[in-house]
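Here are the chains, one letter per residue:
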Amino acid sequence: MFRRFIPALLAATIASTAHADMIEKTSPHSVDVTLDRLQAAVEGAGATIFARVDHAAGATSVDMKLRPTALLIFGNPALGTPAIQNAQTAGLDLPLRVLAYADDAGVVHITYHAPIDMAATHGLPADAVYLQKMTGALDMLTSKAIAKD
């Protein structure tokens, strides 16, 4: 039985990652400043900040090193709720999340999953207006966060 479980698990893992398109942008700012700017843009747009997770601080707390890496979790229930109404499993991917991190050369990146991936992952309609709005909002908000102004 175990021999049949491993191939099935591997197939499920491959299927679940096959649609995982990530959008990545670089930022001229530090990780903290980039997320501060993103948080300000999110709040300015009327969305809710649910959490900010500092992965590097977590690593430090267990005497490990990690380059600056932090996650902002935010959303707008007016957009997320219809997705979850269509497929409650969409709650695994909502609220939205944006990761900011510094690579080994010190370049700061922000990355997030393309909202359209939720269509395949959760069986949502690919043409759902809320997915289009999430896509536009993430692009606009992250662009504000990385603007040089």
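Our subject is the structure listed above.
Not measured: the values here are computed from a predicted model.

Two strands in a sheet stick together by hydrogen bonds in their backbones, pointing the same way (parallel) or opposite ways (antiparallel). Ordered by their spatial adjacency, 5 strands build an open sheet running β1-β5-β4-β3-β2, and the pairing between neighbours is antiparallel. The sheet is open, and its two borders are formed by β1 (22–27) and β2 (48–54), each paired with just one other strand. Pairs of neighbouring strands in the sheet enclose a mean axial angle of 20°, with direction left out of account. Relative to strand β4 (residues 96–102), strand β3 (residues 69–75) is paired through 6 bridges, and the arrangement is antiparallel. Residue L72 lies in a different strand from β4, and its bridge partner there is V98.

What follows covers the pattern of salt bridges. For the coordinates displayed, the defined rule picks out 4 salt bridges. Between K25 and D139 there is a salt bridge, with the nearest N and O atoms lying 2.8 Å from each other. With K25 in strand β1 and D139 in helix α6 (residues 129–146), this pair connects stretches of sequence that are 114 residues apart. Residue K25 is classed as buried on the basis of its relative accessible area of 14%. Put simply, R97 and D93 hold a salt bridge, and the shortest N to O gap is 3.8 Å. With relative accessibility at 30%, the residue R97 sits in the partly exposed group. Using a relative accessible area of 24% as the deciding quantity, one classes D93 as partly exposed.

Here helix α2 (residues 31–44) spans 20 Å end to end across 14 residues, near enough to the 20 Å set by a 1.5 Å rise per residue. Taken residue by residue, α2 has V31, T34, L35, L38, A41 and V42 as its buried positions. Taken around the axis of α2, the buried residues stretch over an arc of 120°, which confines them to a single face. Tucked into the core, α2 has its buried residues touching β1, β2, β3, β4, β5 (108–113) and α6.

Quick look at the nonpolar core now. Counting residues in each nonpolar core, the largest one holds 32 residues, and the members touching the most others are L38, F74, L124, Y130, L131 and M134. For this core, the elements supplying multiple residues, two or more each, are α2, β3, α4 (77–86), β4, β5, α5 (117–122) and α6. Take this core: its biggest share by element is 7 residues, from α6. Excluding anything up to four places from it in sequence, L131 contacts P115, I116, M118, A119, L124, P125 and A126.

Rules behind the numbers
- In this convention, every chain numbers its residues from 1, walking through the sequence in written order.
- Note on the predicted model: pLDDT of at least 70 is required for a residue's local features to be given, and 80 or more for side-chain atom pairs to be given and counted; whole-chain, interface and lining totals, by contrast, use all residues.
- The side-chain quantities take in all heavy atoms of the structure and omit both hydrogens and water.
- Pairing between strands is defined by DSSP: at least two bridges between them are needed.
- Secondary structure is summarised from DSSP: a helix means a run of H or I of at least four residues, a strand means a run of E of at least two, and numbering begins at the N terminus for each.
- Note on geometry: axes are C-alpha line fits, over the in-contact stretch for helices, and angles between N-to-C directions span 0 to 180 degrees.
- The salt bridge definition used is simple: a Lys or Arg side-chain nitrogen within 4 Å of an Asp or Glu carboxyl oxygen.
- Relative accessibility under 20% of the residue-type maximum defines a buried residue, over 50% an exposed one, and the middle range a partly exposed one, all with a 1.4 Å probe and only protein chains included.
- Helix span is expected to be 1.5 Å times the residue number reduced by one.
- The arc refers to the directions leading from the helix axis to the C-beta atoms.
- Note on contacts: a residue pair qualifies if any of its non-hydrogen atoms lie within 4.5 Å across the two residues.
- Buried Ala, Val, Leu, Ile, Met, Phe, Trp, Tyr and Cys residues that are joined via side-chain atoms within 4.5 Å together make up what is termed a nonpolar core.

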